[in-house]
Structures are given as C-alpha cells and as structure tokens.
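As a plain string of letters, each chain reads:
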Amino acid sequence: MSIISEIKEAILDATKKLADEGAIPSAAEGSKIEIDICNRPEVGEYQTNIALKHSKDWRLPPLEIVERLAGALDDRFKGTATKPGFLNLRVSGEVLSRHLSSLFTDESLGVERTSDKRPVIVDYSSPNVAKPPHVGHLRSTVIGDAILRMLKFKGHEVIGDNHLGDWGTHFGKVIVAFRNFADQAEFRRAPLDELARIYSSFKTFAEQDPSLEDKAREELAKLQAKDPENYKTWQEFVEISKNELERIYDRLEVKFDHWHGESFYHDLLSPLCEDYERRKVARESDGALAIFFGDFGVKLPTDTPLLIRKQDGAFLYATSDLAAIRYRMQTWNPSKILYVTDVRQSLHFEQVFAASKIAENFDTELVHVPFGIMKLASGAAFGSRDGNVIKLDALLDEAEEKALALIRDSKGKVAVPEEEWGALAKTIGNAAVKYGDLRQKRTSNIIFDFDEFLSFDGDTGPYLQYVHARIHGLFRKAGLTVRECEPREIDFDGEGSSEKRIIASTLLSFDRAFEKALADLTPHVLCGYLFELSQRFNSFYEKCRIITDDEIVTRERLFFCGLVAKIIKTGLGLLGIQAPERL
Ligand code: ARG
C-alpha cells in the first residue's frame with residue numbers, strides 16, 4: 001500500500017469515528033479524499049482539502065471540520081489546520097521509515113502492475129523515407145520510446161512499430177527526379193542527401209512545368225502496380241534509407257519490434273477497399289472511393305469525406321492506416337494503439353479512427369498522441385519547404401563533441417579512464433538531446449535552439465546524470481555499498497529532520513508522478529519530478545554533510561542518497577537515458 005493510500009485510509013477511519021460519535025453527519029467517501037504534497041514543510045508532508053470539500057454537505061465551517069479531524073486521527077499522523085480549511089499532516093517517523101524501506105527493496109518503486117493482459121502497440125518515429133533523418137524526426141522517436149518504456153514499466157506487453165512512410169506519393173516524385181536530375185556520383189557518395197536534393201529540385205521544377213506532377217503520378221501508379229523497374233529503384237531507395245535509419249536509431253539507443261511501413265500493407269489495400277465498398281462503408285464519388293461520415297451520422301470537425309482510393313486507382317496514406325489497424329487487430333488483438341505524430345496529423349487520425357469504428361468490430365482503443373511542432377527561430381517548421389534542415393546526425397555529433405570537450409576540460413575530475421571517454425560522451429550527448437526534447441510539454445510547439453538542446457546545466461539530462469554519478473561517488477568515498485546502508489529506523493526528529501522529511505515525501509511520490517505521466521502520456525511530467533527530486537537532494541546535501549565521523553549517521557544519510565540515485569536511474573531509464581555510475 002502506498003503512503004497516500006495509507007493516509008487516505010486513516011482519514012476515512014477518522015471520519016467514520018467522528019460520524020459514529022455524531023460529530024459530523026456522515027463519513028467521507030474514500031474516492032473523494034484528495035491528498036497532496038504540502039508545500040509548507042514546516043506544517044507537514046501532506047495536505048488534504050477534505051474539509052473544504054465537505055463543508056457544505058456537513059453544514060460545518062471547514063476549520064471546525066479540520067479541528068475535529070485532527071483530534072480523531074491516530075498517532076501515525078499529526079494534523080494541523082491552515083486557512084481557509086486545509087488539514088496538514090505530519091507523518092510519524094515510523095510510517096515514513098516503513099514506506100522508504102519498501103521503496104528500497106521494490107524494483108517497481110511503488111508502481112502497481114497493470115491487469116491489462118492484451119498488448120499495447122506504439123506506432124512511433126515512422127519517418128518518410130528517401131530523405132535524411134532530420135531534427136524534426138527527433139520528437140516522435142524519443143517521445144514514442146519514452147512512452148513505450150513507461151508502459152513496459154507498468155507491466156504492459158508492448159509492441160513498438162515503425163510505420164515508415166515508404167509507399168507514398170513522394171515516391172513518384174523521387175523516381176521522376178532521380179531519372180531527370182540526379183548526379184550519380186553524388187548519389188553514390190551520399191545517397192540520402194542526393195535524394196533529398198533532387199526531391200526539392202523536383203518541387204522547384206514542377207512549379208514551372210506542371211507536367212512533371214502528372215509524370216510523378218504515373219510513376220507512382222506504376223510502382224504501386226509493381227512495375228519491375230520502378231519497384232527495383234524503390235527497393236534500392238528504401239534499403240538505403242533503412243540502413244541510415246538503423247544507424248541513427250542505434251546511436252539513439254531506440255529499438256523497434258517491427259518496421260511495418262506503409263508498403264507492408266500494400267496487398268491488403270485493394271481487398272480492403274472492395275470490402276468497404278461491398279459493405280457500403282465507402283462509396284464511389286467522381287470515380288474515387290471515399291467514406292462519407294455523414295452517411296453514418298458521425299460528426300467530425302470537417303465534412304470532408306475520407307478518400308481511400310483515387311480516380312487513377314492509387315491508394316492513400318489513410319488506406320494503409322486502415323489496413324494497418326485491421327492487421328494489428330487480427331495479429332495482436334491489442335487493447336490500445338498509440339500513434340505518436342505531430343499535431344498536424346490530428347484530423348487524419350480523427351478520420352481514420354472514425355472510419356475504422358464504422359468498418360470494423362473491435363474494442364481496441366485508438367489514441368493519437370500528438371506533439372507540438374519543432375520550429376526554427378525563424379518560425380519555419382522542420383522538414384517543411386523553407387525549414388532549413390538540420391540533420392539528426394549532426395545534432396548528435398555536436399552533442400557528443402561538446403560532452404567530450406567538457407570531459408577533457410575537467411581533467412582529473414573525471415572518474416573514467418581515457419579509453420572510455422568516447423562512450424561516455426555519447427551517453428552524455430544522448431541525454432542532452434533526449435531530455436532537451438522530453439522535458440518540454442508534449443503538446444507545445446518548440447523552438448529548436450541548438451545551444452539550449454546542448455545545455456548541460458539546470459534542468460537537463462546531463463545534470464541529472466551528474467547528480468546520479470555524484471551519489472555513487474559518495475558511496476565509493478565512504479567505502480560502502482547501497483545495500484549496506486539500509487537503516488533499521490530513521491531518525492526523523494533530530495538534526496536535519498526537515499530536510500529528511502522533504503526528501504522522504506519526494507521519494508515517496510515517484511509512483512504518483514509516474515502514474516500521471518503514463519495516464520496523460522506526458523514524459524515531461526516525469527522529467528519535472530526528477531529535476532525536483534535532484535534539487536531537493538541538493539539542498540539536503542548542502543545542509544547535511546553525508547560522510548561524517550558517526551558511522552550510523554553516515555549510513556542513514558547514504559540510505560537517502562541511495563534511494564535518490566535509484567529513482568533517478570530508473571526515471572532516466574524510462575526516458576531512454578543511461579545513468580552511468582561514474583562521470
Ligand atoms: N510517415 C508519417 C509522417 O512522416 C507518420 C506515420 C505515423 N503513423 C501512422 N500510422 N500513420 O508524417
């Protein structure tokens with residue numbers, strides 16, 4: 001049982017007791033009791049607004065209720081009142097020690113495992129291929145990866161799927177551009193760069209010569225009909241892209257269970273359209289096939305029907321998504337599918353989800369997890385026409401170099417032998433880049449600022465890594481292991497008690513922060529918690545010397561340090577960031 005549940009139960013018991021005595025009209029309902037961390041540690045660790053909530057029903061002034069409740073609590077909790085009617089709770093040392101002890105041994109840090117037996121699919125990263133991965137691809141990859149890790153931690157079976165855009169309209173253009181404007185030598189040297197270059201020249205040329213667009217449509221239709229020549233060219237481009245992506249994911253330490261791109265579903269598209277047509281889910285309109293939501297009384301923000309087959313027979317992005325949903329249902333029967341893409345695709349998913357609800361019979365929850373767009377300071381979005389592209393590789397290189405420079409500069413202070421500096425720099429660089437993204441509110445647009453992304457101080461990944469490593473340094477200095485520092489009972493009344501109490505309640509709220517981050521699919525909530533924990537740890541560290549002459553005091557303080565390190569390591573792990581013991 002978590003400390004919050006224990007407090008709730010105690011308060012509930014107190015209201016029962018008061019109700020039996022006739023001091024209040026009825027007991028409170030457990031589900032209505034809210035417990036928060038108290039932001040005034042001098043009055044207690046926790047706080048509840050129960051009196052404010054019940055004042056009307058019970059026809060009693062809130063402060064009066066608080067008085068009565070405080071008197072009815074057992075001695076595990078000492079209650080006091082603050083205006084306008086909060087009940088503050090000071091928790092006994094025995095209760096705090098007991099909960100910290102279970103945190104110490106519990107690998108899931110107080111988080112209860114899910115009872116969901118069906119898998120959850122996370123559809124993330126999913127870039128369009130035939131161009132180099134750029135900074136705009138970072139968000140889906142790292143947010144999706146963090147969500148996947150959080151779900152696993154909760155005990156879900158998770159399937160990560162990289163739904164590559166490897167079959168879309170742009171391939172018609174890329175093929176035409178390749179045959180007309182490619183520089184073969186450049187293509188051999190840096191294939192993806194050359195493909196990106198010719199794709200953008202295609203756009204420029206097509207403005208002057210619109211027949212190029214027709215040509216591209218023709219080539220796309222040929223490709224989709226598996227014309228051998230186009231198919232071979234396409235395969236080559238996909239292969240090149242996949243190799244490059246593989247390398248970037250490796251650098252980012254991101255792994256997928258499947259890479260079922262759009263092309264994977266190709267053979268299912270025609271039967272799907274025919275089936276929808278036969279069952280009157282979709283109907284013809286000007287030679288194309290579309291789903292008209294109005295036919296089914298489904299209201300969406302726009303009246304536009306969802307096109308699933310064009311006049312020329314070509315299929316669309318939505319068609320492969322509908323086929324993917326069907327395939328996933330049949331193959332995995334997931335309880336949920338999460339789609340991590342930027343917010344510009346919200347309408348697409350609303351339509352696709354509505355269409356598949358009309359067409360299919362299932363109870364899988366389909367969830368779009370949108371994130372804000374990464375923009376340049378100029379206001380242009382990445383990957384858009386005028387968004388000058390910063391390659392993901394370049395960002396990671398820069399992060400790694402900066403980390404390496406820092407390691408070199410702090411000569412003597414680095415606890416790692418020189419031959420491991422490269423690997424360490426990679427770990428620190430990754431932390432900067434990933435955390436730089438994850439700490440930002442998911443749905444906000446973010447301005448990409450190189451320096452901010454590569455900052456190592458304050459609310460950053462490298463800073464959290466540093467706090468973690470510093471704690472391990474303390475253990476090394478004391479010559480003790482974490483295991484050796486579990487005290488029988490912690491002194492929560494003597495010297496340094498208020499620092500200990502603050503750090504204790506912060507440690508004990510990991511599960512709450514985690515659950516909130518998971519429920520809302522917001523890794524930034526977890527980041528916020530970890531940063532707060534680190535700051536609280538710093539004040540603890542500043543006020544209470546950790547290694548003292550008194551062995552018992554030292555062990556007790558190291559016990560807190562060990563818990564902080566354990567939570568930072570687990571928390572960073574959930575964000576896909578490593579926490580080395582030495583920096
Ligand atoms: N390839 C798409 C893009 O780059 C994202 C795909 C997201 N996943 C999906 N099932 N539609 O915008």
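Just above, that's the structure.
Described below are features of the structure shown in this document. Here, residues in each chain are numbered from 1, in the same order as that chain's written sequence. Under the rules for a predicted model, residues below a pLDDT of 70 receive no local features and side-chain atom pairs below 80 are neither given nor counted, while totals for whole chains, interfaces and linings still include all residues. Based on all heavy atoms of the structure, the side-chain values leave hydrogens and waters out of the count.

1. Notes on the site of the ligand
Item 1. Inspection of the region around the ligand gives Asp 123, Ser 126, Asn 128, His 163, Gly 165, Tyr 317, Asp 321, Tyr 339, Thr 341, Gln 345 and Phe 349 as its neighbouring residues.
Item 2. One nitrogen or oxygen atom from the side chain of Asp 123 is found 2.7 Å from a nitrogen atom belonging to the ligand.
Item 3. Contact distances for the ligand include 2.8 Å between a nitrogen atom and a side-chain N or O atom of Tyr 317.
Item 4. The protein chains hide 87% of the 350 Å² of surface that the ligand would expose on its own.
Item 5. Only DSSP runs of H or I covering at least 4 residues are called helices, and only runs of E covering at least 2 are called strands; the numbering of each starts at the N terminus. Listing elements by their share of the shell around the ligand, those giving two or more residues are α12 (317–332) and β10 (336–342). Whether a residue is near a molecule or strand depends on its heavy atoms: if one lies within 4 Å, it is near. Pairs of N or O atoms within 3.5 Å make up the polar contacts considered here, provided that, within protein, one atom can donate a hydrogen while the other can accept it, and that residues adjacent in sequence are counted only when both atoms are side-chain atoms. For the accessible areas, the method is Shrake-Rupley and the probe is 1.4 Å, while residue cover comes only from the protein chains on display.

2. Details of the packing of aromatic side chains
Item 1. Stacked, edge-to-face and tilted labels apply to pairs of Phe, Tyr and Trp rings (six-membered ring for Trp) whose centres lie within 6.5 Å, assigned for plane angles under 30 degrees, over 60, and everything in between, in that order. Enumeration according to the criterion identifies 30 aromatic pairs in this entry.
Item 2. Pairing Phe 187 with Phe 237 gives two aromatic rings, centres 6.1 Å apart and planes at 70 degrees, and the pair type is edge-to-face. Of this pair, Phe 187 sits in helix α7 (residues 184–189) while Phe 237 sits in helix α10 (residues 228–252); the two residues are 50 residues apart in sequence, bridging distant segments of the chain. A single burial state applies to Phe 187 and to Phe 237, both of which are buried.
Item 3. Over the ring of Phe 292 we find Arg 283; its NZ or CZ atom is 3.9 Å from the centre of that ring.
Item 4. Two conditions define a charge located above a ring, namely a distance within 6 Å from the ring centre to NZ of Lys or CZ of Arg, and an angle within 35 degrees of the ring normal. The ring of Tyr 541 has Arg 470 lying over it, and the distance from NZ or CZ to the ring centre is 4.3 Å. Three exposure classes are used, based on accessible area relative to the maximum for each residue type with a 1.4 Å probe and protein chains only: buried under 20%, partly exposed in between, and exposed over 50%.

3. Quick notes on the sheet that holds strand β2 (residues 46–48)
Item 1. Ordered in space as β1-β2-β4-β3, the 4 strands form an open sheet in which the pairing is antiparallel. At either end of the open sheet lies a strand with only one pairing partner, and these are β1 (35–37) and β3 (77–82). Averaged over all adjacent pairs, the angle separating strand axes in this sheet is 30 degrees, with direction ignored.
Item 2. Only heavy atoms enter the contact rule, under which two residues are in contact if any of them lie within 4.5 Å. Here, axes are lines fitted to C-alpha atoms. For helices the fit covers the stretch in contact, and angles between N-to-C directions go from 0 to 180 degrees. Running at roughly 165 degrees to β3, helix α3 (residues 62–72) makes contact with β3 and β4 (86–91) of the sheet. At least two bridges found by DSSP between two strands is the condition for calling them paired.

Keep in mind these numbers describe shape, not what the thing actually does.
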